[in-house]
Amino acid sequence: GAVVSQHPSRVICKSGTSVKIECRSLDFQATTMFWYRQFPKKSLMLMATSNEGSKATYEQGVEKDKFLINHASLTLSTLTVTSAHPEDSSFYICSAQVRDYEQYFGPGTRLTVT
Amino acid sequence: SQQGEEDPQALSIQEGENATMNCSYKTSINNLQWYRQNSGRGLVHLILIRSNEREKHSGRLRVTLDTSKKSSSLLITASRAADTASYFCATDENKAAGNKLTFGGGTRVLVKP
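No experiment lies behind these values; they were computed from the predicted model shown. (Residues numbered from 1 in each chain as written. Chains lettered and ligands numbered in written order. Predicted model: local features only at pLDDT ≥ 70, side-chain atom pairs only at ≥ 80, totals over all residues. Heavy atoms only, no water.)

Taken as a whole and judged by the stated rule, the model has six salt bridges over all chains. A salt bridge links Glu59(A) to Lys100(B); the shortest N-O distance between them is 3.0 Å. Pair noted here: Glu59(A) is in the loop between strand 6 (57-58) and strand 7 (67-73) and Lys100(B) is in the loop between strand 9 (85-92) and strand 10 (101-103), and the two residues belong to different chains. One salt bridge in this structure joins Asp88(A) and Lys66(A), with 2.9 Å as the shortest N-O distance. Highlighted residues: Asp88(A) in the loop between strand 8 (76-81) and strand 9 (90-97) and Lys66(A) in the loop between strand 6 and strand 7, separated in sequence by 22 residues. Here Lys66(A) falls in the buried class, since its relative accessible area comes to 12%. (Salt bridge = Lys/Arg side-chain N within 4 Å of Asp/Glu carboxyl O. Helix = DSSP H or I, 4+ residues; strand = E, 2+ residues; numbered from the N terminus. Buried < 20%, exposed > 50% of the residue type's maximum accessible area, 1.4 Å probe, protein only.)

What follows deals with the interface of chain B and chain A. Interfaces are frequently sized by the accessible area removed from exposure as the parts join. Counting residues at the interface gives 22 residues for chain B, matched by 21 residues for chain A. Regarding the contact of chain B and chain A, the summed buried area is about 1600 Å², with carbon and sulfur atoms giving 52% of it. Remark: the boundary between chain B and chain A carries four residue pairs in polar contact (both at pLDDT 80 or more). Counting only elements with at least two residues in the side of chain B that touches chain A, the list comes to strand 4 (31-37), strand 5 (43-50), strand 9 and strand 10 of chain B. The element best represented in the side of chain B that touches chain A is strand 4 of chain B, accounting for four residues. Class assignment of the residues belonging to the side of chain B that touches chain A gives a composition of six nonpolar, ten polar and six charged. (Contact = heavy atoms within 4.5 Å. Buried area = accessible area lost by both parts, 1.4 Å probe. Polar contact = N/O pair within 3.5 Å; in protein donor to acceptor, adjacent residues only side chain to side chain. Nonpolar A, V, L, I, M, F, W, Y, C, P; charged D, E, K, R; others polar.)

Following this line, the structure appears as structure tokens:
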């Protein structure tokens with residue numbers, strides 16, 4: 001149980017285009033989902049907290065208009081990187097919170113912007 | 001900002017040896033968790049230790065927590081090549097912060113067969 005999927009696992013896009021990444025909790029409902037970004041050989045940096053039915057809460061320094069988050073249902077949150085630039089290339093990981101402290105992580109999405 | 005600092009940043013050992021890594025943090029916490037990440041993959045939850053616990057075991061893993069020193073350690077005993085991965089500690093500060101996890105910098109462990 002407690003499986004989180006992400007789609008796509010890898011995506012390559014051209015500069016200026018937008019990319020949508022989906023995060024799904026497959027066998028449970030998650031009231032809260034988190035989006036992280038990870039650069040090579042670095043740790044995870046929290047980008048935003050996503051609650052079903054309400055606006056996401058972004059961490060300081062994360063542009064909400066560039067990283068659009070939609071938490072459409074208790075099993076789905078999406079992250080859209082708008083007008084992507086090469087510096088947005090990164091590994092994006094989502095997690096879904098089950099109870100107060102348990103977070104289950106998706107397998108990640110490798111974004112490459114050319 | 002990263003609350004946790006992990007040390008060492010990288011560790012290379014022979015199969016069968018023990019691997020120890022440490023994590024320090026700055027603020028009060030509800031609990032501390034350790035995760036493993038294989039290269040290019042998601043995170044796998046290893047163990048959670050609450051702020052009122054001092055030591056916890058899970059299989060070949062042993063975690064300690066010293067809240068007075070704001071530090072934790074993860075020990076992997078009798079390491080195997082399959083233990084090669086990056087290991088991260090993550091702290092859960094308080095409910096007001098929405099149970100957000102703050103990750104340490106990670107320790108890259110290489111277990112040589």
